[in-house]
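# Chains, contacts and geometry: an overview
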Amino acid sequence: LAQKMDEASPELVLRVKVLDAEKDDDGYKYKIHTVTNMSNFSEPEMTTCRVYGDLEWLHRCIESQPNRDGIIVPPLPKSPGNSAQTAARQSEPTQHSSGEERKSVGADRMQKCCRAIERYLQLLARHPVFRQNEYLHQFLDTKELPPIAKTKKRWVRTLTYAVEEVWFHGRKDVDEYFRKQRSFITQSTVRLKEASITFEKMLQSQYRVCSALSHLTSRVSLTGSSLSSEDPFLYRALVKFGEGLDVCKNAADSVATLDDLSLGFVLNLYEKYTMKAKAMLHHRSVLLQRMESTRKAADKAPPKKKESAEAAREEAQTKFDEMSQVAKREVLVVGFIHLHVGLMLPHQQLICCLFCLADSVS
């Protein structure tokens, strides 16, 4: 079968899809289906079960890889149970919630988690570098994953990044293309973060309205039941009113769920990706500073240290040029992701996204 796939498609194929998820005592287990013609895999088609901790293992392994200057690692999806939908519904009283409603909440959350994990794995599988990564192959092909040591000094990198970001904030880039891209991505990051926060608030309000309608429906039903023998006409009116409220509640719940799975998913993904792109361009500014420092040091170096200083300058220049070449391709990926996931939105939401993006450019 793998030979037939190679003959039919000379290009390497790696397709990943999350079929479904099952919940047990350890949490959600995701069934991941992979189809490929790459020779690194044991079979051309396989299915594995993974938990969220395995996804964190894969992300840490990829981020710890050396020689990835200029490459943007796709953002890791949120852990299940941290969505606005779950927080809003769990904060409301549940004594009037039916079993079907609780089952619907679980199905919606499972669908959102599966879609986010599937998109993350697809971004890795379509990337020309990450698709060849041995850890991704182990994640998709093997049953048992090897252990990995936890990162103990993550706060040091975070603090270093914050200090360097302030230091290089007002520094102009030597390349006009990267200067414009850095300005655009910086503005887009702020606007997308504001849009995501506003959307989360709106989504919580929508689910609170659904919960209020559900509570009102149950109260109307109880009131009507107590009047069934005393006033049949009022009882029938309250029954019809309760049915109307239930229809409104179901419609509002469907709209909120659709918004969360479409616009909410796109905003969250694109916000995280622009933050990754911003960090990558920041690292390029650090390499630019090092290149200029080594150049000045080589010009001022005495004759005895001239050779080593020139070697350091050439190494810094080569590293900066290689990262700039890779970064130009990676910055374009951010725009392609926005266009690709934006095409999955309803037309009204896509127009709103385009208006927000145009406003951030202006």
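These numbers come from a predicted model, not from an experiment.

On to the overall build of the chain. Check the secondary structure of the chain and you find ten helices and three strands. Across the chain, helices and strands are ordered from the amino to the carboxyl terminus as α-β-β-β-α-α-α-α-α-α-α-α-α. The buried share among the 362 residues of the chain stands at 38%. For the chain, the share of sequence-separated contacts (at least 6 apart) that also reach a separation of at least 24 residues comes to 74%. Element-wise, carbon and sulfur atoms account for 57% of the exposed surface of the chain, whose accessible area totals about 21500 Å².

Turning our attention to helix H2 (residues 52-63). With twelve residues, H2 should cover 16 Å at 1.5 Å per step; its first-to-last C-alpha distance of 17 Å lies within 8% of that length. Along H2, the residues that are buried comprise Tyr 52, Asp 54, Leu 55, Trp 57, Leu 58, His 59, Cys 61 and Ile 62.

Interaxial distance between helix H7 (residues 176-226) and helix H8 (residues 232-300) falls to 7 Å at its minimum, and their mutual angle equals 160 degrees. Taken together, the axis directions place H7 and H8 in an arrangement best described as roughly antiparallel. Of the two possible hands of crossing, H7 and H8 adopt the one that is left-handed. Partitioned by chemical class, the residues of the contact of H7 with H8 number 26 nonpolar, 16 polar and ten charged.

Here the distance between the centres and the angle between the planes together describe a pair of aromatic rings. Counted by the stated rule, this structure contains three aromatic pairs. Residues Trp 57 and Tyr 135 carry aromatic rings whose centres are separated by 5.8 Å and whose planes lie at 80 degrees to one another, so their mutual orientation is edge-to-face. Remark: Tyr 135 occurs in helix H5 (residues 134-141) and Trp 57 occurs in helix H2; sequence separation between them is 78 residues. According to the relative accessible area criterion, Trp 57 is buried, its value standing at 5%. Classification of Tyr 135 by relative accessible area gives partly exposed; the value is 22%. When the ring centre of Phe 178 is taken as reference, the NZ or CZ atom of Arg 284 above it lies at 3.8 Å.

All right, on to the sheet that holds strand S2 (residues 27-36) then. A sheet is described by the order of its strands in space; here three strands give the open sequence S1-S2-S3, paired in antiparallel fashion. Each edge of the open sheet is held by one strand with a lone partner, namely strand S1 (14-24) and strand S3 (45-50). Sheet twist, expressed as the average angle between the axes of neighbouring strands with direction ignored, equals 20 degrees. Packed onto the sheet, H5 meets S1, S2 and S3 and runs at close to 85 degrees relative to S3.

The rules behind the values
- Residues numbered from 1 in each chain as written.
- Predicted model: local features only at pLDDT ≥ 70, side-chain atom pairs only at ≥ 80, totals over all residues.
- Heavy atoms only, no water.
- Helix = DSSP H or I, 4+ residues; strand = E, 2+ residues; numbered from the N terminus.
- Buried < 20%, exposed > 50% of the residue type's maximum accessible area, 1.4 Å probe, protein only.
- Contact = heavy atoms within 4.5 Å.
- Areas by Shrake-Rupley, 256 points an atom, 1.4 Å probe, with all protein chains shown as cover.
- Expected span 1.5 Å × (residues − 1).
- Axes fitted to C-alpha atoms, helices over the stretch in contact; angles between N-to-C directions.
- Parallel < 35°, antiparallel > 145°, perpendicular 65-115°, else oblique.
- Left-handed = near helix turned anticlockwise from the far one by under 90°.
- Nonpolar A, V, L, I, M, F, W, Y, C, P; charged D, E, K, R; others polar.
- Phe/Tyr/Trp six-rings, centres within 6.5 Å; stacked < 30°, edge-to-face > 60°.
- Lys NZ or Arg CZ within 6 Å of the ring centre and 35° of its normal.
- Pairing = 2+ DSSP bridges.

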